[in-house]
Structure formats: C-alpha cells, structure tokens
Amino acid sequence: MGRPPERALADCVVDTAAERVRRRHPGVDISAEATPEDAVIALLHEGHNAEALITGDRGRGGFTGLLLGSVGLAVAARAPCPVIVVRGDKAGIEGGHKRILLGVGKPESGSAAVRFAFGEAGVRCCELDAVRAWRCPSHNRADPRRTASEHLYHKERAATLIDEAMAASVQDHPTVRLHSAAVEGPAAEVLVRRSSAADLIVVGAHRRRGHLGLQLGRVAHALLHHADCPVAVVPLAP
C-alpha cells in the first residue's frame, strides 16, 4: 500500500523546504522529517535537543499581522530552549537593518537572553541595541510637583541596570558594537516601536513555579503579536 495522502503531502512539504535551503545555503547540513505527532508536541520534544526552535507567523481572524492561537505562540510559551518566531516586514526578516534589539530585564535573571542576543549580533555582524524601558511610579506621575531630579533618577537607574546586565557578555564579545538606551514608557510599546528598525528582537520569559512550561509575560506576548521583525523568546532562570 502507498503512503496515506496526508503523509505524502507532509513529506512533500518538508522535502521541498529542505531542498530550498540546500540551494540557498549549500554549506549547511540539512535533515528533514515529517512526523504524525501534533505540531506543538513534536516541536517541544525536539526543543530538548536544540539550541533554538524556529517557527513561522500565521495570523488568524480579522486582524492582519497578529499571531493568534498559532503553533508559534504555543511553542514560545512552553519550549525549553529559545524560540524564534519569524514575523514582521521584509527588511526585518531579510536582515536589512543590521541591528539586533534586546529588551533588558533584571540583571540577576536575564543573563540567558543577554547571551543569546550577543551571540546573534556576533554571528550576523550586527549592532546590538540594548533597551530598558522605565517609568516613574504612578503617584509621582500624577503629582504635578514631580521634579526633574526624580525623572533623572529613574532614567539613570535604568541605564545602570543595562550596564550591569551587559557587563559579562561585553567581555565575551568584544567585537560586537553595543548601543544602550533607557527609554521612558511602557516596555511593550517601547520595544514594538523600536522593532521597526531591527532584524531580531530578543526578550526573556520566566518559568513560574507551579505552572507547566514557560509562562509568557505581557511584553513577550505583545511582541509576538505586534513586532515588525522576528521575535526571539529566551527562557530565563526563575
């Protein structure tokens, strides 16, 4: 008996994709396999032996460009390794900006995302744009008596956290050009806006005790829906 039609189609899809990659990148070792498993389960299984998982962006519903209910979102939320979801405009996908954007979290827990971003910047010969968003406490923002010194304090504190987070990786990647910026505003909005000039945006996501797998925070979730370039979600230490 021949192969079931579904299996034949799946084999054709992966074989065609592999052949396309071989033609474009003849020096890369390629393997291709179709599996009868659920896509999310299969990718999560493979993620235990991978440096990264890469998925496409497939929007659903009436909102063009959104990543809603896709395999990529499910994998990004649970994978044991970094996940890159390929989305955004042509310039970002094709690497035309020569810039990697890193959303800087807490220095004590975000080192995995920092290392990943530096590694990508080094391999791609890109500038690394390390950004931390900051905001004054709500009671200060509502107080018209807020002084310039308070504003400066929060900005300088964010800049200090960037320096602390970058310190070790700067030593390990001396050839990577680093630009850092402390930007006022909600983190998701700041990073989505800056993603229009990046080839990849890197953010971390924490595992939470008592939950299965990686739990995406609001920033990572917003970027997966709205970023103008591919998004890398890196699991962080608790």
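Predicted model, so just to flag it, every value in this text is computed and none were measured.

> Before we go on, may I ask you to explain the sheet that holds strand 1 (residues 53-56) in this structure?
Strand pairing in a sheet takes place through backbone hydrogen bonds and is either antiparallel or parallel in direction. Read from one edge to the other, the open sheet built from seven strands follows the order 1-2-7-6-3-4-5, with strand pairing classed as mixed. A single partner strand is all that each edge strand has here, and the edge strands are strand 1 and strand 5 (178-184). Neighbouring strand axes in the sheet, compared pairwise and without regard to direction, differ in orientation by 25° on average. Summarising the sheet, strand 3 (residues 99-103) and strand 4 (residues 127-134) pair through five bridges and their orientation is parallel. Along strand 4, the bridge assignment pairs L101 with D129. Contacting strand 1, strand 2 (83-86) and strand 7 (231-236), helix 3 (residues 71-78) crosses the sheet at an angle of about 160° to strand 2.

> I would appreciate a short explanation of the pairing of strand 3 in the present structure.
Looking along a regular strand, one sees side chains alternate from face to face of the sheet. In terms of burial, strand 3 is a largely internal element, four of the five residues being buried. Bridging between strand 3 and strand 6 (residues 200-206) involves three bridges; their strand directions are parallel. Looking across to strand 6, one finds that L101 is bridged to I201.

> Is there a simple way to think about unusual backbone geometry in this case?
Peptide bonds are trans in most cases, and residues, glycine excluded, mostly fall at negative phi. Even without being a glycine, K98 presents a positive backbone phi close to 60°. Secondary-structure assignment places K98 in the loop between helix 4 (90-93) and strand 3. Since its relative accessible area comes to 40%, K98 is described here as partly exposed. Backbone geometry at C125 places phi at a positive 55°, although glycine is not the residue there. With respect to the helices and strands, C125 occurs in the loop between helix 5 (111-124) and strand 4. Relative accessible area serves as the criterion here: at 57%, C125 is assigned to the exposed category.

> Where do I start with the side chain of T55 in this structure?
Mapped onto the secondary structure, T55 falls in strand 1. Given a relative accessible area of 9%, T55 falls into the buried group. Not counting residues within four places of it along the chain, the set of residues in contact with T55 comprises L43, G72, I84, V85 and V86.

What counts, and where the lines are drawn
- Residues numbered from 1 in each chain as written.
- Predicted model: local features only at pLDDT ≥ 70, side-chain atom pairs only at ≥ 80, totals over all residues.
- Heavy atoms only, no water.
- Pairing = 2+ DSSP bridges.
- Helix = DSSP H or I, 4+ residues; strand = E, 2+ residues; numbered from the N terminus.
- Axes fitted to C-alpha atoms, helices over the stretch in contact; angles between N-to-C directions.
- Contact = heavy atoms within 4.5 Å.
- Buried < 20%, exposed > 50% of the residue type's maximum accessible area, 1.4 Å probe, protein only.

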